[in-house]
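Fold and geometry: a report
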Amino acid sequence: MSTILVTGGGGFLGSHLCDVLLEANCDDTVICMDNFFTGCKSNISHLIDNPRFELIRHDITDPFNVEANQIYNLACPASPAHYQRSPINTIQTNVLGMTNALNVAAKTGARILQASTSEVYGDPEVHPQPEGYFGNVNPIGVRACYDEGKRCAETLCYDYKRDMDCDIRVARIFNTYGTRMQPDDGRAVSNFIVQALCGNNITVYGDGSQTRSFCYVSDLIDGLVKLMNSEYSDTPVNLGNPEEFTILQLAELIIELVDPSLSVTFEALPGDDPTQRRPDITLADSILSWKPTVRLTDGIVKTIDYFRKII
């Protein structure tokens, strides 16, 4: 019997993780902690009556005490629209929240996994991005509250590992999409699908040549659980889909699937938007035997079906 704490458990990724953890072992208790700044109660409403599920409303920037065997720290706004809405809160969640979670892990002996991000690579000068690449980040730009906050959180994890023998894992998550994304999420997949379903032309920022790699949520959650239960902690581990697409290709795919009569309009590129993003997942394949299995078209169809139901 184990107790597993998921901070940010009411969010897009966190709620899917809670589902998987409860399904995986009928003896485990899962505690969801969320302040619902960007998370949604509807994401976890189906779990409320489960006797092995507990919900704690709490902001992890404030200290907390929870007895747990494992801690997944997913608490942080993840889309530019959300984390730039309150940049000071974003960096505090990454730094103060990470510190508070690590203090609990140090006190209880829990293994802790930090949900880091491909944004630590910034606008990369190395492609694809391996874990050994240190990144190219603007420390005072509009995305720095998230990019540098996550970089600092990784530093804290490895300092706690060295100085306090904390049992840490760090996952660098690349672009992930799927059901339970919010309509106002602000990321390309949700933006494009919502615009198309509403009968609007799709807005692409820049000329659409910038690239991303899109990982379906079920694949990503599988990677997180495998990393948590592995014995590897030497470095962060990239988790993402290594297939690379331009933003324009994504827009054209969604138009094809929703309404071929729509078209693409172009607007100016936001500040510090990376031109390329693709994970090198050699390490994840080697130590976790993990590779994504959901094709982009299949995942986009599932996500379109979800948004049709909620819009």
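As shown above, the structure is provided for reference.
Criteria and thresholds
Residues numbered from 1 in each chain as written. Predicted model: local features only at pLDDT ≥ 70, side-chain atom pairs only at ≥ 80, totals over all residues. Heavy atoms only, no water. Salt bridge = Lys/Arg side-chain N within 4 Å of Asp/Glu carboxyl O. Helix = DSSP H or I, 4+ residues; strand = E, 2+ residues; numbered from the N terminus. Buried < 20%, exposed > 50% of the residue type's maximum accessible area, 1.4 Å probe, protein only. Core = buried A, V, L, I, M, F, W, Y, C linked by side-chain atoms within 4.5 Å. Phe/Tyr/Trp six-rings, centres within 6.5 Å; stacked < 30°, edge-to-face > 60°.

**What about the pattern of salt bridges?**
- Within this structure, the stated rule accounts for 16 salt bridges.
- For Asp273, the salt bridge is made with Arg143, and the minimal N-O distance between the two is 3.5 Å. With Asp273 in the loop between β13 (264-267) and α8 (282-288) and Arg143 in the loop between β5 (111-117) and α4 (144-164), this pair connects stretches of sequence that are 130 residues apart. Each member of the pair Asp273 and Arg143 is classed as buried.
- Arg151 is the partner of Glu148 in a salt bridge, and the nearest nitrogen-oxygen pair spans 3.1 Å. Placement of both Glu148 and Arg151 in helix α4 is noted, with a separation of three residues, approximately one turn of the helix.
- What you see here is one network of salt bridges that share partners, running through Glu119, Arg143, Arg212, Asp273 and Arg277.

**What to know about the nonpolar core**
- If you look at the biggest cluster of nonpolar residues, it comprises 60 residues, and the most contacted ones within it are Tyr72, Leu224, Leu239, Ile254 and Ile300.
- Listed in part, the 24 residues of the second largest apolar core include Met33, Phe64, Ala153 and Tyr158.

**A look at the packing of aromatic side chains**
- Going through the model one piece at a time under the given rule, you end up with five aromatic pairs.
- Where Tyr177 meets Tyr216, the ring centres are 5.4 Å apart and the plane angle is 70 degrees; that geometry is what we call edge-to-face. Of this pair, Tyr177 sits in strand β7 (residues 176-177) while Tyr216 sits in strand β10 (residues 215-216); the two residues are 39 residues apart in sequence, bridging distant segments of the chain.
- Judged by its relative accessible area of 0%, Tyr177 is buried.
- With a centroid separation of 5.3 Å and an interplanar angle of 70 degrees, the aromatic rings of Tyr306 and Phe307 are classed as edge-to-face.

Purely geometric stuff here, so don't read any function into it on its own.
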